[in-house]
Amino acid sequence: MTSLNVGSVKVNHLNKSYGQYQEHALTVLDDISLEIKAGEFVSIVGSSGCGKSTLLRLLVGLDDQFEGKILVDGQPIQGTSLERGIVFQDHRLFPWLNVQDNIRVALLNRKLTVAEQNQLIDEHIELVGLTKFKDAYPAQLSGGMSQRVAIARSLINRPKILLLDEPFGALDALTRANLQKELQRIWQTERITMIIVTHDVEEAVFLGDRVVVMQPNPGRIKRIVPVHLPHPRVREDVRLAAIRNDILTDFSHAVEDHLIIPVVNDFNQFQFAW
Ligand SMILES: Nc1ncnc2c1ncn2[C@@H]1O[C@H](COP(=O)(O)OP(=O)(O)OP(=O)(O)O)[C@@H](O)[C@H]1O
Ligand SMILES: [Mg+2]
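Residues numbered from 1 in each chain as written. Chains lettered and ligands numbered in written order. Predicted model: local features only at pLDDT ≥ 70, side-chain atom pairs only at ≥ 80, totals over all residues. Heavy atoms only, no water.

1. Some remarks on the overall build of the protein chain
Working step 1: When helices and strands are counted, the protein chain shows eight helices and 10 strands.
Working step 2: Summarising the internal contacts of the protein chain: among those between residues at least 6 apart in sequence, 69% fall at separations of at least 24.
Working step 3: Carbon and sulfur atoms make up 54% of the accessible area of the protein chain, which totals about 14900 Å². (Helix = DSSP H or I, 4+ residues; strand = E, 2+ residues; numbered from the N terminus. Contact = heavy atoms within 4.5 Å. Areas by Shrake-Rupley, 256 points an atom, 1.4 Å probe, with all protein chains shown as cover.)

2. What to know about the nonpolar core
Working step 1: If you look at the biggest cluster of nonpolar residues, it comprises 46 residues, and the most contacted ones within it are Ile-103, Ile-151, Leu-183, Met-194, Val-205, Val-211 and Ile-247.
Working step 2: Among the elements that take part in this core, helix H4 (residues 143-155) stands out by supplying six residues, more than any other.
Working step 3: Shared between two domains, this core holds at least three residues of each, these being domain 1 (1-83 + 160-255) and domain 2 (94-158).
Working step 4: Among the nonpolar cores identified, the runner-up in size contains 25 residues, and Ile-32, Val-42, Val-60 and Met-214 belong to it. (Core = buried A, V, L, I, M, F, W, Y, C linked by side-chain atoms within 4.5 Å. Buried < 20%, exposed > 50% of the residue type's maximum accessible area, 1.4 Å probe, protein only. Domains from an automatic or database assignment.)

3. As for the pattern of salt bridges
Working step 1: The tally for this structure, following the rule as stated, stands at 17 salt bridges.
Working step 2: When the shortest N-O distance is used, the salt bridge between Glu-35 and Lys-10 registers 3.9 Å. Here Glu-35 is found in strand S2 (residues 24-36), whereas its partner Lys-10 is found in strand S1 (residues 9-21), with 25 residues between them in sequence.
Working step 3: The class of Glu-35 is exposed, set by a relative accessible area of 52%. (Salt bridge = Lys/Arg side-chain N within 4 Å of Asp/Glu carboxyl O.)

4. Thoughts on helix H1 (residues 52-60)
Working step 1: Among the nine residues in H1, seven count as buried, and that is most of the element.
Working step 2: Taken together, the buried positions of H1 are occupied by Lys-52, Thr-54, Leu-55, Leu-56, Leu-58, Leu-59 and Val-60.

5. Quick word on the environment of Asn-12
Working step 1: Following the sequence through the fold, Asn-12 ends up in strand S1.
Working step 2: Overall, Asn-12 belongs to the partly exposed group, its relative accessible area being 29%.
Working step 3: It is 8.3 Å that separates the C-alpha atoms of Asn-12 and Leu-71, two residues lying 59 residues apart in sequence.
Working step 4: Those residues in contact with Asn-12 that sit more than four places away from it in its chain are Ile-32, Ser-33, Gly-68 and Lys-69.

6. Some remarks on the pairing of strand S8 (residues 193-198)
Working step 1: Most of S8 is tucked away, with six of its six residues classed as buried.
Working step 2: Alternating residues of S8 divide into Thr-193, Ile-195 and Val-197 and Met-194, Ile-196 and Thr-198, and every residue in both groups is buried.
Working step 3: Here five bridges tie strand S3 (residues 41-45) to S8, and the two strands are oriented parallel to one another. Looking at the pairing, Phe-41 lines up with Met-194 of S8.
Working step 4: Between the parallel pair strand S7 (residues 161-165) and S8, the chain is carried across by helix H5 (residues 173-190), and the sense of this crossover is right-handed. (Pairing = 2+ DSSP bridges. Right-handed = clockwise from strand over helix to strand, strands pointing away.)

7. A short note on the site of ligand 1
Working step 1: Surveying the vicinity of ligand 1 reveals the residues Tyr-18, Val-28, Ser-48, Gly-49, Cys-50, Gly-51, Lys-52, Ser-53, Thr-54, Glu-166 and His-199.
Working step 2: Gly-51 places a main-chain nitrogen or oxygen 3.0 Å from an oxygen atom of ligand 1.
Working step 3: One of the side-chain nitrogen or oxygen atoms of Lys-52 is found 2.7 Å away from an oxygen atom of ligand 1.
Working step 4: In terms of residue count, H1 provides more of the shell around ligand 1 than any other element does, three residues in total. (Near = heavy atom within 4 Å. Polar contact = N/O pair within 3.5 Å; in protein donor to acceptor, adjacent residues only side chain to side chain.)

8. A word on the packing of aromatic side chains
Working step 1: Applying the stated criterion across every chain yields a total of two aromatic pairs.
Working step 2: With centroids separated by 5.4 Å and ring planes inclined at 50°, the aromatic side chains of Phe-94 and Trp-96 adopt a geometry described as tilted.
Working step 3: Overall, the relative accessible area of 31% leaves Phe-94 in the partly exposed class.
Working step 4: We note Arg-191 situated over the ring of Trp-187; from NZ or CZ to the ring centre the distance is 4.9 Å. (Phe/Tyr/Trp six-rings, centres within 6.5 Å; stacked < 30°, edge-to-face > 60°. Lys NZ or Arg CZ within 6 Å of the ring centre and 35° of its normal.)

By themselves, these figures tell us nothing about what the structure is for.
Pasting the structure below:
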C-alpha cells in the first residue's frame, strides 16, 4: 500500500501556449494554479478544447514547454516517471499481446524475475476483476474490459499519482457506471492521488473530492467545487445531484457562446460514402 503522505501536486501560475497561429501563439492554459493533496481524488471538467488533456500531458511530464511551476511532493517534475501513471482515452493495448503480457509491458524497466512479474500481474488482474480473462487477446475483450486492463497496467508500478484522461468516454452508460464504482474502490484500497479528466459532470461529482471546473479560450480554472461526501458514494444520493446541477449551470450558455458553424461549401470534397 502506498504511504499516504506522497503524491501531492502543486501547480503554480502555469501558462502553456502552442506554436504560432496567424502570427499569434495559441494560449491554451492561462495562469492555472492548483494544489492537490496526497491521496486526494480530483476531477477536472470543462468543454472541449479548454486544455484538459494539455494539462494532464504536462503533469505526466510528456511536455516540458510551459511557464510556471509544477511540483510533485515539492520537487519540480523532470520528464516522465514511474511515479506518475496515465490512462488515455483510447486504451492503447497491443493487439498481439494477451492481457497478462499487455500488463507485463509496464514492468520491462524493472529488474524482476518472471515469477515476480507474474505474481504482480496476477494481483493486478484480480484488482480489476479480470482473472478469467488473463489469457485473452484485446480483440476478445469489450471496451470496458480493455479499459480495465489499461488501468491495471497503469497501477502496476504503484504510481503515487494516477492521471486519467476521459478513461470511460467511449463506453455505454451502464459499463461506465460500473467502472466508476470500480475506480472508486481501487482508489480507496490504494490511497493514491487520482486526477480524472471527464466531460461528464455526473462522473466528476460522483468520484471527486473536488471538481475543478475549467473554461475555454484560453483555458482557465473557473471555480473549484468541493464535494464533501464520504466514499464509497451512492449514485442516487440527492446531494450529488444538487452539486451536479450547480456545476451544470456553468455550462448552460456554452453552446450559445461558442456556436461553431462548420464551413462546408462543397460536399464533393468528402471522398467517402455516406
Ligand atoms: N500539439 C498541439 N499543437 C497545437 N495545438 C494543440 C496541440 N494540442 C492541443 N492543441 C490545442 O490546444 C487546445 C486544447 O487542447 P486539449 O486537447 O488540451 O483540449 P481538451 O480540453 O482536452 O479537449 P477535449 O475535451 O476535446 O479532449 C485546443 O485548442 C487544441 O487545438
Ligand atoms: Mg482532451
